[in-house]
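# Fold and contact review
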Amino acid sequence: MEKAKFPMPTMTITQGYDVGTHKGAYALDLAGEDRGIDWVLAPFTGTIKQILSASYGNWYWFESNEEVLCANGEVTKLVVMFGHDNKVRHKVGDVIKQGENLCAEGTSGNATGNHCHLEVGKGEYVGTWYKNSNGVYMLYNAVKPNEYLCVPDNYVIQNDGGYTWKKESEVTEPTVESQKLILPATATSWAVYDLKVAPIKENAKANLNPAKFGGLEYNILGWTQPDVAIIQTRDFGKVQIYVAPSTGAIIQ
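Procedures and definitions
Residues numbered from 1 in each chain as written. Predicted model: local features only at pLDDT ≥ 70, side-chain atom pairs only at ≥ 80, totals over all residues. Heavy atoms only, no water. Buried < 20%, exposed > 50% of the residue type's maximum accessible area, 1.4 Å probe, protein only. Helix = DSSP H or I, 4+ residues; strand = E, 2+ residues; numbered from the N terminus. Pairing = 2+ DSSP bridges. Axes fitted to C-alpha atoms, helices over the stretch in contact; angles between N-to-C directions. 1 Å grid on protein atoms, 1.4 Å probe; cavity = no way out; pocket = protein on both sides within 12 Å on 5 of 7 lines; lining within 4 Å. Points joined across faces, edges and corners; volume = space filled by probe spheres on them. Nonpolar A, V, L, I, M, F, W, Y, C, P; charged D, E, K, R; others polar.

## Thoughts on the pairing of strand β1 (residues 10–15)
Judged by how many residues are buried, β1 sits mostly within the fold: five of six residues are covered. Of the pairings in the sheet, the one linking β1 to strand β15 (residues 156–159) comprises three bridges and is parallel in character. Pairing of Thr 10 across the sheet is with Val 156, part of β15. As paired elements, β1 and strand β2 (residues 28–30) share two bridges and run antiparallel to each other.

## Comments concerning the sheet that holds strand β20 (residues 222–225)
The strand order across the open sheet formed by five strands is β18-β17-β22-β21-β20, and the pairing between neighbours is antiparallel. Two strands lie at the open edges of the sheet, namely β18 (204–208) and β20, each paired on one side alone. Pairs of neighbouring strands in the sheet enclose a mean axial angle of 45°, with direction left out of account. Direction of pairing for β20 relative to strand β21 (residues 228–233): antiparallel, over a ladder of three bridges. The residue bridging Trp 223 from the neighbouring strand is Ala 229, located in β21.

## Focus on empty space enclosed by the protein
Enumeration according to the criterion identifies one cavity of 30 Å³ or more in this entry. In this model, the largest cavity occupies a volume close to 50 Å³. Forming the boundary of the largest cavity are Val 79, Gly 121, Lys 122, Gly 123, Glu 124, Tyr 125, Val 126, Gly 127, Leu 139, Tyr 140 and Asn 141. Of the residues assigned to the lining of the largest cavity, the class counts are five nonpolar, four polar and two charged.

## Comments concerning the side chain of Asn 146
Structurally, Asn 146 can be placed in helix α1 (residues 145–148). With a relative accessible area of 11%, Asn 146 lands in the buried category.

Next up, the structure:
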């Protein structure tokens, strides 16, 4: 799982949350190494969902293709919004891998000095933006970037904006309490299914025989839907299995 990362090799924050043109918004202005034009990197592997090019500048909306691990430990999809690039470098639908050049600092939209405007939204892309009570346009489902983006240990931090940022090495995947599945010895046949099919009768891959072994026990690796667990079997690999209470399955 990818960790959501701060999008520039050098952190220099020139305007923070809820001040100036960011009034009421969790927005940051990033100046990179200096007042020149630096690249802005994809914070995760994702897809360009929207591009606007108008008098107020060039803007990108970029959504993670999968859920990502955030600095605060959450696992979720994210959308980032970048602004002020002097050029439109991509088209909607382009996929950009984590760490690749996504856009650059600029001054489009009458920005004062080369910089990149950054906002982070939690969840999937749901629309362009809205105007808050201060008349500032901001990203939907906005969250504080410093709580969702981590910085690799070798990043150069010239100005952190006064915010606390977690290093990549400090961000670990949340632990999931292990559950066990017990198939009772009274059962002589229990269907299992490949992970990429609907767990219905006609899609059964094979049948387990708990009775033959005096019952079977597995670690639950996850769930594909309510009452459908993922287990690792000896003979059939990683599969889905229906374990609703009515089946007699025991989950501990």
